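Secondary and tertiary structure notes
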Amino acid sequence: MDVPGGTTAVTASGADWRVRDPDWWKTAVVYQVYIRSFADSDGDGLGDLEGLRRKLPHLSALGVDALWINPWYPSPMVDAGYDVADYRDIEPAFGTLADSERFLAETHAAGIRVLLDIVPNHTSSEHAWFVAALAGDPAARARYVFRPGRGPAGDEAPNNWQSSFGGPAWTRTKNPDGTPGDFYLHLFAPGQPDLDWSNPEVVAEFEDVLRFWFDRGVDGFRIDVAHGLVKAGGLPDAPDPTPGSNHSAPHPAWDQEGVHEIYRGWRRIADSYDPPRVFVGEIWAADAERLARYLRPDELQTAFQFDFLRAAFRSDVQRRVVDEATRTAAVVGAPSTWVLSNHDVVRHVTRYARSQPDGLVESSWDRARWSEEPADLDLGRTRGRAAVMLTLALPGTAYVYQGEELGLDEVEDIPSDLRQDPTWWQSGHTDPGRDGCRVPLPWSGDSSPFGFSPDGASRAPWLPQPAAWSALTAQAQEGVADSTLTLYREALGLRREHLTDAGALEWLDSPEGVLAFRRGGFSCHVNTGVDPVVLPAGRVLLASGPLPSADVLPRDTAVWLLAGTPAA
Ligand code: TEU
């Protein structure tokens, strides 16, 4: 079973009790699978379902409760699958519907749940609905946001909104007779036309898509751009037209009241299944209070805490974010959902490898600015190990992004002509985009493709892998006591043992620069300061790095202690 890079199928190993617990999601650790970069079984340079299935032993050994799989549907891939052409099928490059059924059965047999990614804000421009809309079908047009242009010649965009990827959020169409036509809205790439959620046909379609996958045993969905479906009436100009880089600024496309009714409908459907299905919202909200409104008892069960992801490696910032998040989540009775990295942001090893700002880190502009500052990746990795021990000690659910268990860094030197993220093109080459956190995983061996693709593959991995990753392959870290992979496995095992029922967080007095809290007899201490600090008495369960002695916590290090037992 425990063979990274191995090809053994997982069998039910007594772990299947976990998939029967209806409350599993309240304390779960969910592993994010960016499928095109996980494992390539057929040598085309793209990850696929069969590659993922063969790596189930890695995920089982890691000890995660569930997987969240980024979009696996047929797609022209202008935005790596977030442009969905058919919500009820599998992208041929990834496999078939039958492969997905086999994968679901085997994953469940291994005691691991599966969340899919639903993309309801927009379809692909190659979706049958949009193709019909462009051909002039009025019913199909009414499912999207078409508007006439402004200005004397009607050739100016209907409002000042900008795409999250850069450039205008509107593209002008041609009428079937070739004359210039209306504009259509796309908050992301032109290949991702926004749907009009005031149209009941759109509502009904997505409810049916949910049922399609729930009927196949899928345990829930991550909801893409969950705060964006409903736009302010009349589509007014935005005070800050660029919604992408600053998610805290108000925008008429974000966080509108009407969106909540959609999720009430989705929750009714999820609750009609046994066991009930769950949601996690991708919601970039202005603050913790706005986020909590999506987590009311009849809406979504969970939503990512992006303030935590954006918090610098500084105890004052992290403590403020944790406090706000737990306070507001408690008001609505929802567990907080902690995340350090995902497929849209700079990997946390690299975020922590440079100077740490006095607050939250915004994703897009920092990519460009930070890449000019030299990165100390050893420091970033050391801090990343401490940060994940903080994350996994907090009450609620936690997400792990593929490759962080190997300590992977952001790949910042991808040659321009190999970049694929539309952000790079649409920003006029000012924002390098998100390819650097999406590079295919290194599994084994000394050189690319590092076991990502099979021997004799016909194509190179879809993004180039750095040579330095030879030291970070799963194979190189297997069985190595101080490897990041070993730390993740140990932390997940200890979390299950000590924290599943540990209850609320209580802050402990601590020196400046140190975060310290307890949950029952368990305590977590993280030193983000410059000097080593003295630890209280207790048994060391786990440390993110070497401790000079059982009562000293060096800088950039975290430790988990168990009270009431003598120091080991
Ligand atoms: O992201 C939505 C989002 O708001 C971003 O984090 C976005 O990536 C950023 O503004 C771009 O600079 C989701 C997905 O996670 C992302 O991968 C998709 O590209 C996007 O939706 C469109 O579907």
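What counts and how
Residues numbered from 1 in each chain as written. Predicted model: local features only at pLDDT ≥ 70, side-chain atom pairs only at ≥ 80, totals over all residues. Heavy atoms only, no water. Near = heavy atom within 4 Å. Polar contact = N/O pair within 3.5 Å; in protein donor to acceptor, adjacent residues only side chain to side chain. Areas by Shrake-Rupley, 256 points an atom, 1.4 Å probe, with all protein chains shown as cover. Nonpolar A, V, L, I, M, F, W, Y, C, P; charged D, E, K, R; others polar. Axes fitted to C-alpha atoms, helices over the stretch in contact; angles between N-to-C directions. Helix = DSSP H or I, 4+ residues; strand = E, 2+ residues; numbered from the N terminus. Parallel < 35°, antiparallel > 145°, perpendicular 65-115°, else oblique. Left-handed = near helix turned anticlockwise from the far one by under 90°. Contact = heavy atoms within 4.5 Å. Core = buried A, V, L, I, M, F, W, Y, C linked by side-chain atoms within 4.5 Å. Buried < 20%, exposed > 50% of the residue type's maximum accessible area, 1.4 Å probe, protein only. Salt bridge = Lys/Arg side-chain N within 4 Å of Asp/Glu carboxyl O. Pairing = 2+ DSSP bridges. Expected span 1.5 Å × (residues − 1).

1. A word on the site of the ligand
- Around the ligand sit 19 residues, and of these Asp-79, His-122, Asp-224, Asp-344 and Arg-434 come closest.
- Within the side chain of His-343, an N or O atom sits 2.9 Å from an oxygen atom of the ligand.
- Coverage of the ligand by the protein chains reaches 99% of its 490 Å² of free accessible surface.
- Class assignment of the residues belonging to the shell around the ligand gives a composition of 5 nonpolar, 7 polar and 7 charged.

2. Describing the packing of helix H6 (residues 200–215) against helix H7 (residues 259–271)
- At a minimum axis separation of 10 Å, H6 and H7 run at an interaxial angle of 25°. Relative to H7, the element H6 lies roughly parallel. Our pair here, H6 against H7, has a crossing hand that is right-handed. Counted together, Phe-206, Glu-207, Leu-210, Arg-211 and Phe-214 of H6 and Gly-265, Trp-266, Ile-269 and Ala-270 of H7 form the full contact between these two elements.
- Along the lines of polarity and charge, the residues of the contact of H6 with H7 split into 6 nonpolar, 1 polar and 2 charged.

3. Quick notes on the nonpolar core
- In terms of nonpolar packing, the biggest core is built from 142 residues, with Tyr-31, Trp-72, Trp-213, Tyr-263, Trp-266 and Trp-560 touching the most fellow members.
- Residues Ala-169, Trp-170, Phe-188 and Val-225 belong to the second largest nonpolar core, which totals 15 residues.

4. A closer look at the environment of Asp-271
- Tracing the backbone through its elements, the reader meets Asp-271 in helix H7.
- On the accessibility criterion, Asp-271 (40% relative accessible area) is partly exposed.
- Taking the C-alpha atoms as reference, Asp-271 lies 9.7 Å from Asp-298; in sequence the two are 27 residues apart.

5. Here's the deal with the pattern of salt bridges
- In total, this model carries 39 salt bridges according to the counting rule given.
- As a salt-bridge pair, Arg-496 and Asp-65 come within 2.6 Å of each other at their nearest N and O atoms. Taken together, the residues Arg-496 in helix H16 (residues 484–499) and Asp-65 in the loop between helix H2 (56–62) and strand E2 (66–69) connect sequence positions 431 residues apart.
- Where Arg-489 meets Glu-478, a salt bridge forms, and the shortest distance between an N and an O atom there is 3.0 Å. With Arg-489 in helix H16 and Glu-478 in the loop between helix H15 (474–477) and H16, this residue pair connects regions lying 11 residues apart in the sequence.

6. Remarks on the sheet that holds strand E7 (residues 220–223)
- Read from one edge to the other, the open sheet built from 8 strands follows the order E9-E8-E7-E3-E2-E1-E11-E10, with strand pairing classed as parallel. Among the strands making up the open sheet, the edge pair consists of strand E9 (302–303) and strand E10 (337–339).
- By the bridge criterion, 4 bridges tie strand E3 (residues 113–118) to E7 in an arrangement that is parallel. What sits directly across from Ile-118, in E7, is Ile-223.
- Its contacts with the sheet put helix H3 (residues 97–109) on E2 and E3, and the angle it makes with E3 is roughly 140°.

7. Structural notes on H7
- Compared with the 18 Å implied by 1.5 Å per residue over 13 residues, the 19 Å span of H7 between its first and last C-alpha is a close match.
- Taken as a whole, H7 has its buried residues at Val-259, His-260, Ile-262, Tyr-263, Gly-265, Trp-266, Arg-267, Ile-269 and Ala-270.
- Structurally, H7 contributes buried residues whose contacts are with E3, H6, E7 and strand E8 (278–281).

8. Section: the pairing of strand E18 (residues 557–562)
- Across the 6 residues that make up E18, a large majority, 6, are buried.
- In terms of strand pairing, strand E14 (residues 522–527) meets E18 through 6 bridges, oriented antiparallel. The partner of Cys-524 across the bridge, within E18, is Trp-560.

9. Here we look at unusual backbone geometry
- With an omega of -5°, the peptide bond between Asp-274 and Pro-275 qualifies as cis.
- Mapped onto the fold, Pro-275 is located in the loop between H7 and E8.
- Cis geometry is found at the peptide bond from Ser-448 to Pro-449, where omega equals 15°.
- Even without glycine at this site, Ala-80 takes up a positive phi of about 50°.
- By the element assignment, Ala-80 lies in the loop between E2 and H3.
- Positive phi is not limited to glycine here, since Asp-556 has a value of about 55°.
- When you line up the elements, Asp-556 lands in the loop between strand E17 (552–553) and E18.

10. So, H3
- Over its 13 residues, H3 runs 18 Å from end to end, which matches the ideal 18 Å to within 8%, given 1.5 Å per residue.
- Ser-100, Phe-103, Leu-104, Glu-106, Thr-107 and His-108 are the residues of H3 that are buried.
- Considering only its buried residues, H3 is in contact with helix H1 (49–54), H2, E2, E3 and H6.
- Immediately beyond the C-terminal end of H3, within one or two residues, lies Gly-111, with a positive phi of roughly 80°.

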